[in-house]
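The lines below spell out each chain.
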Amino acid sequence: MSNYSAQQSSISENNRSRILQYLYHNGICSRAQIAKAIGLTPAAITKITAKLLAQNIIEETGDMEGDKNRRSIGLNLNCGKYHVIGLKFARSLVQIGLFDLQCNRISLTDLPTVSEENIDETVKQIHNTIRHLIAEDEKIVAVGMAVPGPYLVAEGHTALVSSMQGWRKVNFIKEFSEAFDVPVFVEQDARAGALAQFLFNPELFEGSLAYYLLGEGIGLGIIDNGTIYYGAHGTATEIGHISVDVNGKPCDCGNYGCLERYCSANAIHEMLNKQPYIVPGCETMTHAQACAALFAKNAAGDEAAAELISEIARYIGYGAVNIINAFNPTHIVLGDIVSRAGQPLLDEVKQVVRERTIPEISRHTGITLSALPTDATVTGAAAVAITNFLEHPSMFFDVA
């Protein structure tokens, strides 16, 4: 293909994507409304939408009232016709969700708890589960995967997975990119979570968004005016490995006092194992189960549980202070396992931010808990697949 032809193909794909994204976010629209909104001529819109209609990506919905009382035919993205799979890797936890294009959850499966010894078996289970889902549901068009960071985008593997180094040997691109009959897209977990917040919460569209992942690790995804921030090698915003105590606990990354050593689900479980009177039997629980039991004890008025949650929340607050000073976001959203401590945790985080930031800066940053109905990371994995479906339609259909 000549440079000119490649350039024209890129422009055409971009225009198709803009139409699909406009319909995705705005619902039923006329051709004239789309043309006005995205700055293309009515003739160009008619030509592009004809091919999208032919592939059944969009549909006509019948007459609607247009400008100056003229009748127009509405267009709508055919969201009900397509499904995506979202896959979350979180050290000991792997979840596989099936979603429609609006990210409504159809099913969610937790694979057996992962250990260093059974990572290979887990990878085989993932292959089998996804192949079965695709065989049973012809609507599935893509798979999105959310993996722990720091994820090396070009190389396909994580540089470090603290608490479970065995995941480092898995090259997600080589292992999964051509394993199924549909395209596979891989993203770092916190960035996937940020994408889910951005796509499905209209209140977060404006400005910059920081998704603060509080799971088995601690992560951060930044979206600034619609653009995900990656850094040079895709490993930017690894807030879990910022020191909050330079002489503190050693971390697998080689640093000391890393944030995730004090407030991740793994760290909380470690604390509970040293204080088993707070959650009896916690030694035999998963990290998520131990955290859930702690939060339940706090909700029931247990003083020791409340003290521990307050301590954990203050460390999360120190991370929020660093996010505000480093990125000055409009929104910080707390999500994943530890965020389920709820309002007491959020209140303490906000208190730390008030104590430790310049008011003129921090008062313009809203801090909230994730409002997504399903875990933000597995939803984010689905959002990665949906975003690629909208941005690169020619990967899925003959629309050129």
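Provided above is the structure to which this section pertains.
Residues numbered from 1 in each chain as written. Predicted model: local features only at pLDDT ≥ 70, side-chain atom pairs only at ≥ 80, totals over all residues. Heavy atoms only, no water.

Now, about the pattern of salt bridges: what can you tell me, with residues and values included?
Taken as a whole and assessed by the stated rule, the structure comprises 10 salt bridges. The salt bridge involving Arg-314 is made with Glu-348; its shortest N-O contact spans 3.0 Å. Taken as a pair, Arg-314 in helix H10 (residues 303-327) and Glu-348 in helix H11 (residues 343-356) lie far apart in primary sequence, 34 residues in all. Connected through salt bridges with shared partners, the residues Arg-261, Glu-270 and Lys-274 form a single ionic network. (Salt bridge = Lys/Arg side-chain N within 4 Å of Asp/Glu carboxyl O. Helix = DSSP H or I, 4+ residues; strand = E, 2+ residues; numbered from the N terminus.)

Would you mind going over the packing of H10 against H11 in detail, with residue names and values included?
At a minimum axis separation of 8 Å, H10 and H11 run at an interaxial angle of 50 degrees. Here H10 is positioned oblique relative to H11, judged by the angle of their axes. For the crossing formed where H10 meets H11, the hand is right-handed. Where H10 approaches H11, its residues Ser-310, Ala-313, Arg-314, Ile-316, Gly-317, Tyr-318, Ala-320, Val-321 and Ile-324 are matched on the opposing element by Leu-345, Glu-348, Val-349, Val-352, Val-353, Glu-355 and Arg-356. (Axes fitted to C-alpha atoms, helices over the stretch in contact; angles between N-to-C directions. Parallel < 35°, antiparallel > 145°, perpendicular 65-115°, else oblique. Left-handed = near helix turned anticlockwise from the far one by under 90°. Contact = heavy atoms within 4.5 Å.)

I'd like a rundown of unusual backbone geometry, residues and numbers included.
The backbone of Asn-56 sits at a positive phi, close to 65 degrees, despite the residue not being glycine. You can see Asn-56 is positioned in the loop between helix H3 (42-54) and strand S2 (58-65). In this structure, Cys-103 takes a positive phi of about 65 degrees despite not being glycine. Residue placement: Cys-103 occurs in the loop between strand S5 (93-100) and strand S6 (105-110). The exposure class assigned to Cys-103 is buried, which follows from its relative accessible area of 9%. (Buried < 20%, exposed > 50% of the residue type's maximum accessible area, 1.4 Å probe, protein only.)

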